[in-house]
Amino acid sequence: MSRSVVYARRAAATVALGVLAVGCQDTAREEAARTGAAPPPSPTAPASAAPSPSPVATTAANTVEVCREVDKLILAGSRRIATDSAASVTRDLTGEQVADQLRRNLAGLADDVRAQARRAADPEIRALIQETADRIDAGSRASRPAAWMDSTFTAIPPKLTRECRA
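In what follows, the accompanying structure is described. (Residues numbered from 1 in each chain as written. Predicted model: local features only at pLDDT ≥ 70, side-chain atom pairs only at ≥ 80, totals over all residues. Heavy atoms only, no water.)

1. Thoughts on the state of the cysteines
Disulfides are covalent bonds that link the sulfur atoms of two cysteine residues.
For step 1, the next point in the chain: What the rule picks out here adds up to one disulfide.
For step 2, the next point in the chain: Through a disulfide, Cys67 is tied to Cys164; the S-S separation comes to 1.9 Å. Here Cys67 and Cys164 share a disulfide; its torsion about the S-S bond, -85 degrees, makes the bridge left-handed. Separated by 97 residues along the polypeptide, Cys67 in helix 3 (residues 63–91) and Cys164 in the segment after helix 7 (156–163) bring together distant segments of the chain. (Disulfide = S-S within 2.5 Å. Helix = DSSP H or I, 4+ residues; strand = E, 2+ residues; numbered from the N terminus.)

Structure representation (structure tokens):
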């Protein structure tokens, strides 16, 4: 097995695990947004007499929905990449074939994310999601997409977690 195939598989596995871990970090805030309740206070948060405004009330009408869908797309795309990378072992693909498969997966993911950007009512969220799609598209055109994933793709989910909820 060539070194590039091994590297591609390791990068895909790393990305998939990282994305899955990030996707699980924000469940309390998502649940609060869905129900309209305030999330449980963190142990270091100061007590407040007045309730904080609901996250849904301070965002555009479909921000929570669009951001949640983008999260799902990123997770599903990461799983697909990891599954395809694992399957490449049994199909005995060359390093270039693995890279081409990865490029196709990234291009499809970019298209799906771009479709969500068009749905976003909030112009800032639309721009954030469009930028995310453009970054994923850049990975689909990279000469070494596995290296791009390792250096760039892994930063996308944490950024979305921070900025797509505000």
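2. Quick look at the environment of Leu109
For step 1, the next point in the chain: Mapped onto the secondary structure, Leu109 falls in helix 4 (residues 95–119).
For step 2, the next point in the chain: Note: C-alpha distance between Leu109 and Ser78 (31 residues apart in sequence) is 9.2 Å.
For step 3, the next point in the chain: For Leu109, the contacting residues outside a window of four places in its chain are Leu73, Ile74, Gly77, Ile136 and Phe153. (Contact = heavy atoms within 4.5 Å.)

3. With respect to the packing of aromatic side chains
For step 1, the next point in the chain: Applying the stated criterion across every chain yields a total of one aromatic pair.
For step 2, the next point in the chain: Relative to Phe153, the ring of Trp148 has its centre 5.9 Å away and its plane inclined at 50 degrees; by these criteria the two rings are tilted.
For step 3, the next point in the chain: Exposure remark for Trp148: the relative accessible area of 10% places this residue in the buried category.
For step 4, the next point in the chain: Residue Phe153 is classed as buried on the basis of its relative accessible area, which comes to 0%. (Phe/Tyr/Trp six-rings, centres within 6.5 Å; stacked < 30°, edge-to-face > 60°. Buried < 20%, exposed > 50% of the residue type's maximum accessible area, 1.4 Å probe, protein only.)

4. A look at empty space enclosed by the protein
For step 1, the next point in the chain: Within the structure shown, the criterion is met by two cavities of 30 Å³ or more.
For step 2, the next point in the chain: Volume-wise, the second largest cavity comes out at about 40 Å³.
For step 3, the next point in the chain: What lines the second largest cavity is simply Leu128, Glu131, Thr132, Arg135, Ile156, Lys159 and Leu160.
For step 4, the next point in the chain: Of all the secondary-structure elements, those providing two or more residues to the lining of the second largest cavity are helix 5 (123–140) and helix 7.
For step 5, the next point in the chain: At four residues, helix 5 tops the list of elements feeding residues into the lining of the second largest cavity.
For step 6, the next point in the chain: Tallied by class, residues from the lining of the second largest cavity come to three nonpolar, one polar and three charged. (1 Å grid on protein atoms, 1.4 Å probe; cavity = no way out; pocket = protein on both sides within 12 Å on 5 of 7 lines; lining within 4 Å. Points joined across faces, edges and corners; volume = space filled by probe spheres on them. Nonpolar A, V, L, I, M, F, W, Y, C, P; charged D, E, K, R; others polar.)

5. Quick word on the nonpolar core
For step 1, the next point in the chain: In this structure, Ile74, Val113, Ile129, Ile136 and Phe153 are the most contacted members of the largest nonpolar core, which totals 26 residues.
For step 2, the next point in the chain: Mapped by element, the contributors of at least two residues to this core are helix 3, helix 4, helix 5, helix 6 (145–151) and helix 7. (Core = buried A, V, L, I, M, F, W, Y, C linked by side-chain atoms within 4.5 Å.)

6. Description of the packing of helix 3 against helix 5
When two helices pack together, their arrangement is given by the angle between the helix axes and by the axis-to-axis distance.
For step 1, the next point in the chain: Where helix 3 meets helix 5, the closest approach of the two axes is 11 Å, and the angle between their N-to-C directions is 15 degrees. Between helix 3 and helix 5, the angle is such that the two are roughly parallel. Considering the relative orientation of helix 3 and helix 5, their crossing is left-handed. For the pair helix 3 and helix 5, the contacting residues are Thr63, Val66, Cys67, Val70 and Ile74 in the first and Ile125, Ile129 and Ile136 in the second.
For step 2, the next point in the chain: When its residues are assigned to classes, the contact of helix 3 with helix 5 shows seven nonpolar, one polar and no charged. (Axes fitted to C-alpha atoms, helices over the stretch in contact; angles between N-to-C directions. Parallel < 35°, antiparallel > 145°, perpendicular 65-115°, else oblique. Left-handed = near helix turned anticlockwise from the far one by under 90°.)

7. Some details on the packing of helix 3 against helix 4
For step 1, the next point in the chain: Their axes nearest at 10 Å, the elements helix 3 and helix 4 cross at an angle of 170 degrees. Between helix 3 and helix 4, the crossing angle belongs to the class labelled roughly antiparallel.
For step 2, the next point in the chain: Looking at the contact of helix 3 with helix 4 residue by residue, the classes come out as 10 nonpolar, six polar and seven charged.

In short, geometric facts, not functional conclusions.
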